[in-house]
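Listed here are the chains, written in short residue letters.
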Amino acid sequence: MAGHGTDRHPHGADRLCDAGDRVYSRAVRRGRVPRADVEAVPCLVELALLHPDPDDMGWLVPTSPQEVMTRLIRGVYEEVSASQTRVGDAVTAFEWYAGLGGRTQTRAEGVAIRVLDGLPRIRAAMDEATEACTDEVLTVQPGGIRREDELSEGLHRALEMRRRGVRMRDLYTHVARHGQGLHNYMEMMEGAAEARTLDEVVERLILFDCKVAFIPANDDRTIALELRHPALVAYLVTVFERLWRLAIPLAAPLPETGIDGITHRERSIAALLAEGHQDAVVAERLGISVRTCRAHIARLSETLGAASRTQLGVRIAQAGLDGPPRSPEPLPVSSPGPESPTVR
């Protein structure tokens, strides 16, 4: 029966079949459904959306929509994290293969990866990609509040693309919302781009027309990789799109945590602490300073009544803060253009 059901309903919890949608919705409204009603939609049991009622085995009760949402978002977070590792491994492998043969390739020979050593070479390659771009630029900008020099460095590229009608979509961390310089910068773009934010994002990424990508190759970003292999670029586009669907438009407010006295950022910190990360790692991933991070942890401890870090971990689990915060489905809200592409 299980195998047959899977054949008839080849989907996950993120997109139910019509029959499954109807039965699950009815179960949520009524609190339970007869087991006989689920025979035609075994996918609901296979996906753990329905489970037996312990008081009456002839009925099935629904897993709460909130729990299903948390499960889905956690799965995407884990998949994106694994994607980062796979991209790093792929880049290393491509470099190794590109080095075979003992000769220098030129752009005309179709180099899949170019190593750009030094800021002048990086800027020149970015300018070249900007001139060739005709459709869309996708960027991921990690870190916290954007500095004025970071915002102005690539202004000429962004203005040139805006003039040509190129679309821009950019991802930032939630912390970037608090920088007035970023908002001023976006006003200059006059609606040429859309920006969204997440608790944390992957390392810096810039994609032109889904054909060429730029990523940093060292910690201080003085070396970059220019990627042109179609499979690798397509993979990075997929990572971006999945993050984009989870992100919140910059013009929209962050969702409430549902717990009095706990902010959205403190909930994010609680989830990372529950994973066992140290303060410095939590701060880096959320784009804040260690000092600010510890101040939030202190307030979190006070709000939850925890007298020690061990007790704080218990309180976080008890309050249901040990998973990623649930974000509503992003609205199609456009905000003024974000920071122009730059690997700096």
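Just above, that's the structure.
Residues numbered from 1 in each chain as written. Predicted model: local features only at pLDDT ≥ 70, side-chain atom pairs only at ≥ 80, totals over all residues. Heavy atoms only, no water.

Below, the discussion takes up the sheet that holds strand 10 (residues 223-227). Taken together, the 8 strands give an open sheet; going across it, the order is 4-10-9-8-5-6-7-11, and neighbouring strands pair in mixed fashion. Bordering the open sheet on either side are strand 4 (113-117) and strand 11 (248-249), each of which pairs with just one other strand. In terms of strand pairing, strand 5 (residues 136-141) meets strand 6 (residues 167-173) through 6 bridges, oriented parallel. Bridge pairing links Leu 138 to Arg 169 in strand 6. (Pairing = 2+ DSSP bridges. Helix = DSSP H or I, 4+ residues; strand = E, 2+ residues; numbered from the N terminus.)

Moving on, we come to the nonpolar core. Soluble, globular proteins show a tendency: their nonpolar side chains are buried together. With 27 residues, the main nonpolar core has Leu 207 and Leu 227 as its most contacted residues. Listed by contribution, the elements that provide at least two residues to this core are helix 4 (65-99), strand 5, strand 8 (205-208), strand 9 (212-216), strand 10 and helix 9 (230-246). Beyond its immediate chain neighbours, meaning those up to four positions away, Leu 207 contacts Glu 136, Val 137, Leu 138, Val 212, Ala 213, Val 233, Leu 236 and Val 237. Leu 116, Ile 122, Ala 125 and Val 212 belong to the second-largest nonpolar core, a separate cluster that totals 20 residues. (Core = buried A, V, L, I, M, F, W, Y, C linked by side-chain atoms within 4.5 Å. Buried < 20%, exposed > 50% of the residue type's maximum accessible area, 1.4 Å probe, protein only. Contact = heavy atoms within 4.5 Å.)

Attention now moves to the sheet that holds strand 2 (residues 50-53). The antiparallel open sheet is built from 3 strands, whose spatial order is 1-3-2. Two strands close off the open sheet at either side, each with one partner strand: strand 1 (33-34) and strand 2.

Attention now goes to the side chain of Arg 204. Secondary-structure assignment places Arg 204 in the loop between strand 7 (193-198) and strand 8. Polar side-chain contacts of Arg 204 include one of 3.1 Å to the side chain of Gln 141. (Polar contact = N/O pair within 3.5 Å; in protein donor to acceptor, adjacent residues only side chain to side chain.)

For the pair helix 12 (residues 290-304) and helix 13 (residues 309-318), interaxial distance at closest approach is 10 Å and the crossing angle is 65 degrees. By the angle class used here, helix 12 and helix 13 are roughly perpendicular. With respect to the hand of their crossing, helix 12 and helix 13 are arranged in left-handed fashion. Residue-level contacts link Ile 297, Leu 300, Ser 301 and Leu 304 of helix 12 to Arg 309, Leu 312, Arg 315 and Ile 316 of helix 13. Taken together, the residues that form the contact of helix 12 with helix 13 break down as 5 nonpolar, 1 polar and 2 charged. (Axes fitted to C-alpha atoms, helices over the stretch in contact; angles between N-to-C directions. Parallel < 35°, antiparallel > 145°, perpendicular 65-115°, else oblique. Left-handed = near helix turned anticlockwise from the far one by under 90°. Nonpolar A, V, L, I, M, F, W, Y, C, P; charged D, E, K, R; others polar.)

In this section: helix 12. Counted at 1.5 Å a residue, the expected span for helix 12 with its 15 residues is 21 Å, and the 21 Å between its end C-alpha atoms agrees. For helix 12, the secondary structure elements touched by its buried residues are helix 10 (264-274), helix 11 (279-286) and helix 13. Phi for Gly 305, located one or two positions after helix 12, is positive at around 70 degrees. (Expected span 1.5 Å × (residues − 1).)

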